[in-house]
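Given next are the chains, with one letter for each unit.
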Amino acid sequence: MTEIITIALNKLDADPKNVRKTYSAEGVEALAANIREDSYRLLQNLVVRKGDKKGRYFVTAGGRRLAALNLLAEAGEIAKDFAVECKERDGEIATEISLAENLMREDMHPLDQYEAFDALAKQGKDVAAIAARFGTTETVVRKRLALARVSPVLLQLYRDEDMSFAQLSAFTVSDDHERQLTVWNALPSWNREAHSIRRALTEEMIAATDKRMQFIGGLAAYEEAGGTVKRDLFDGRNAGYAIDAALVEKLVAEKLETTAASVRAEGWKWVECSATAPAGYHAMKRHYPEGIALSEEDQAALDAAQTEYDALAEMIENGVADDEAETKLAEVEKRIDALNARTDAYSPEALEQAGTFVFLDYYGRLAIERGFVKPDENAETEDGDDDGENLPSGKDPVEPKVPNISHSAALIEDLTAHKTAALRIELANNPDVALVAVVHAMLLRVAYPYHSEQSALQLSLTHERLEASIKDAESCKGLIAFNDLADNYGHHLPGNPADLFDWLLEQPQDTVLSLLAFGAAHTVNAVEKKFTDRRNGIEQANQLGRALKVHMPDWFETTGDSYFRHVNRTTIELAVAEAKGGEAELSVRAAAKKSEAVTIADRLVAGSGWLPAPVRITAPEPVAPADDGEDEFPEAAE
């Protein structure tokens, strides 16, 4: 039996033969907290050998414990000659002992941690006390305690290694054990990823990322109205779920109705509200506003205001604007909007015959679509095809104006170039989706000649380099990864292009599919420039991103340099509020200068995964269910 000896703390030194040389400050502090909670006792004795000087000892095993004790001594919590119980071993095997201690150990099983934490919680200890006792973080304790929500049957499956910890964690969004088991048994083995489990358990809840929640002001507004929230500690990208769907719908309806009231004052025959785009409204007859030419004076004022706006926006993006620039920019925006409002007007006949839809669009933004005529309200509407009689003379139907979201054209080009880089590398690594994307683009060309622009792929193989659109191209993760992939393929392709066709004929199909994905990826273009005729193709990039399951936070991080310093203070405040809530927004608002606001926003949003709208892969618009009795395949429109 090894004899236990007691040695004064100030007689112990780190052993140069200890194989572990580095300890994190956080780890040492956590261990010190654990020792403090246990009345300054060590659960495991130090292993020592005689030092080079008489009366001193080297700590062969237990260097982190020694560092924690020294930290407590420096803080005055224990004496410098604090008595430490040690085991003495032969110095000749010091390295072997140190190596064995660091390698021959296993982390505590998460369920064992949960049971230990749960036992202390039942004794009345709070989360902070448990965290201090075990030298860990409060977040880890909360995550382990959340496992109490999971069915014992599923906990056993995890113990038996029939389930991953990610899968087990997904079940904590529900307290219904019967429902949990039903979901586990119903999902096929190939589709039991954590996100599939979480989606199945929360299908009757509303996620914080849902566009309806964003529209009403997020979970904070919902909770202020009395709603209850289910938090998911294991999903860093989602703040939680709203349980009361009826309350969410009520808040959405109230906010839509507020807008509808002002629209009714314009004199329309009817105004209708809905949380989604009305089914089939694009096929309805429609009145369009008639263009009204500005006076020479107003046109000159509009041109001057637009020039002033572009100059101010460029100064703000380049960080050379003064503190008054953003206030001036907001004033210029108001002048531009007021002048543009004078260029279009609806006729009295349109107001008498038509109405307006107020709803949430694809992105969760408020949409106001005016001038629609219901089929049963106007006899002319039922007489066949639209001959264009409702259109103002000499004008084509126009797209609704996009609301100003405080992003300059140059910034949107930069952000969507990052998005395009991510789409390219993801598509290059997914031959199945690439094949579909290429065939889709080809069919648009041959079967739908007037809709060929509705593809994110520029299939003529047009490849636009992204470096010119990205302010800091060297930091773009997607661009770096794609260039590395291109270098890799370059080493395998024939050096002489004349040999390429015959070389491809000799390759296995998997190789050709991979090259198809690589080639198709070059054509992806979701970059939004100030003037573009590819709006529909840019929108299809979101559909492509969803098929690829692109997680944009893997490719773009929102920081002061990448985003906040390029937008005005109002946008910074709104972004922080969306990412971290109202209290965080107040921290930004309290900053005296924009540079301070940028620094605060950078710190608050770091690690949250929040992205500016132009970088996001947006969710699909919900499809309204078909009426009973309709054919499964509706007839093609003529």
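In this report, the structure presented in the accompanying data block is examined. (Residues numbered from 1 in each chain as written. Predicted model: local features only at pLDDT ≥ 70, side-chain atom pairs only at ≥ 80, totals over all residues. Heavy atoms only, no water.)

## Things to note about the pattern of salt bridges
For the structure shown, the criterion picks out 18 salt bridges. Between aspartate 15 and arginine 49 there is a salt bridge, with the nearest N and O atoms lying 2.8 Å from each other. Taken as a pair, aspartate 15 in the loop between strand S2 (12–14) and helix H1 (25–37) and arginine 49 in strand S3 (residues 46–50) lie far apart in primary sequence, 34 residues in all. Judged on exposure class, the residue aspartate 15 and its partner arginine 49 are both buried. Here glutamate 254 and lysine 250 are joined by a salt bridge, their closest N and O atoms 2.7 Å apart. Residue glutamate 254 and its partner lysine 250 are located together in helix H13 (residues 245–264), separated by four residues, close to a single helical turn. Lysine 250 gets classed as partly exposed once you look at its relative accessible area, which sits at 45%. Bridged by salt links that share partners, the residues Asp210, Arg212 and Glu249 form one connected network. (Salt bridge = Lys/Arg side-chain N within 4 Å of Asp/Glu carboxyl O. Helix = DSSP H or I, 4+ residues; strand = E, 2+ residues; numbered from the N terminus. Buried < 20%, exposed > 50% of the residue type's maximum accessible area, 1.4 Å probe, protein only.)

## Digging into the nonpolar core
Counting residues in hydrophobic clusters, the biggest one holds 46 residues, and the most contacted among them are Leu427 and Leu544. If you list the elements that add at least two residues to this core, you get helix H17 (409–428), helix H18 (431–447), helix H19 (477–490), helix H21 (509–523), helix H22 (535–548), helix H23 (569–580), helix H24 (582–589) and helix H25 (594–605). For this core, the element with the most residues is H17, which contributes seven residues. Residues contacting leucine 427, with those up to four places away along its chain left out, are Val433, Ala434, Ala517, Ala520, Ala521, Val524, Leu544 and Leu548. (Core = buried A, V, L, I, M, F, W, Y, C linked by side-chain atoms within 4.5 Å. Contact = heavy atoms within 4.5 Å.)

## A short note on the sheet that holds S3
Within the open sheet, the five strands sit side by side as S1-S5-S3-S4-S2. Their pairing is mixed. Looking along the sheet, the strands with just one partner apiece sit at the ends: strand S1 (4–8) and S2. Taken over all neighbouring pairs, the strand axes of this sheet differ in orientation by 55° on average, direction set aside. Note: S3 against strand S4 (residues 57–61), four bridges, orientation antiparallel. For valine 47, the partnering residue across the bridge sits in S4 and is alanine 61. Set on the sheet, helix H2 (residues 63–74) makes contact with S2, S3, S4 and strand S5 (83–88); between it and S4 the angle comes to about 125°. (Pairing = 2+ DSSP bridges. Axes fitted to C-alpha atoms, helices over the stretch in contact; angles between N-to-C directions.)

## What to know about H24
If you check which residues of H24 are buried, you get Ala584, Glu585 and Val588. Down the axis of H24, the sector holding all buried residues measures 105°, keeping them to one side. For H24, exposure combined with an orientation more than 90 degrees from the buried face picks out Glu583 and Leu586. Where H24 is buried, its residues contact H23 and H25. (Arc of directions from axis to C-beta.)

## Re the pairing of strand S13 (residues 355–360)
Within S13, six of the six residues are buried, leaving the element largely enclosed by the surrounding structure. With burial as the criterion, each face of S13 is covered, one bearing Gly355, Phe357 and Phe359 and the other bearing Thr356, Val358 and Leu360. Both strand S9 (residues 270–274) and S13 contribute to a ladder of five bridges, which runs parallel. Looking across to S13, one finds that tryptophan 270 is bridged to glycine 355. In this sheet, strand S14 (residues 366–373) lies alongside S13 in antiparallel orientation, the contact comprising six bridges. Looking at S14, one finds that phenylalanine 359 is bridged to alanine 367.

## A word on the packing of helix H4 (residues 110–122) against helix H6 (residues 138–145)
At a minimum axis distance of 8 Å, the contact between H4 and H6 shows a crossing angle of 95°. Accordingly, the angle class assigned to the pair H4 and H6 is roughly perpendicular. Packed against H4, whose contacting residues are Pro110, Gln113, Tyr114, Phe117, Asp118 and Ala121, the element H6 presents Val141, Arg144 and Leu145 at the interface. A per-class count over the contact of H4 with H6 returns six nonpolar, one polar and two charged. (Parallel < 35°, antiparallel > 145°, perpendicular 65-115°, else oblique. Nonpolar A, V, L, I, M, F, W, Y, C, P; charged D, E, K, R; others polar.)

## A word on the sheet that holds S14
The mixed open sheet is built from four strands, whose spatial order is S9-S13-S14-S10. Unpaired on one side and paired on the other, S9 and strand S10 (285–286) mark the two borders of the sheet. Sheet strands touched by H13: S9, S13 and S14. Its angle to S13, the strand with the most contacts, is close to 150°.

## Side note on unusual backbone geometry
Positive phi values are uncommon outside glycine, yet tyrosine 40 reaches one of about 60°. Of note, tyrosine 40 is situated in the loop between H1 and S3. In this structure tyrosine 40 comes out as partly exposed when scored by relative accessible area, which is 24%. One non-glycine residue, glutamate 161, lies in positive phi territory at about 65°. Structurally, glutamate 161 is set in the loop between helix H7 (152–159) and helix H8 (165–170). Given a relative accessible area of 71%, glutamate 161 falls into the exposed group.

## Observations concerning the environment of leucine 147
Of note, leucine 147 is situated in the loop between H6 and H7. For leucine 147 and phenylalanine 171, which are 24 residues apart along the polypeptide, the C-alpha to C-alpha distance reads 8.3 Å.

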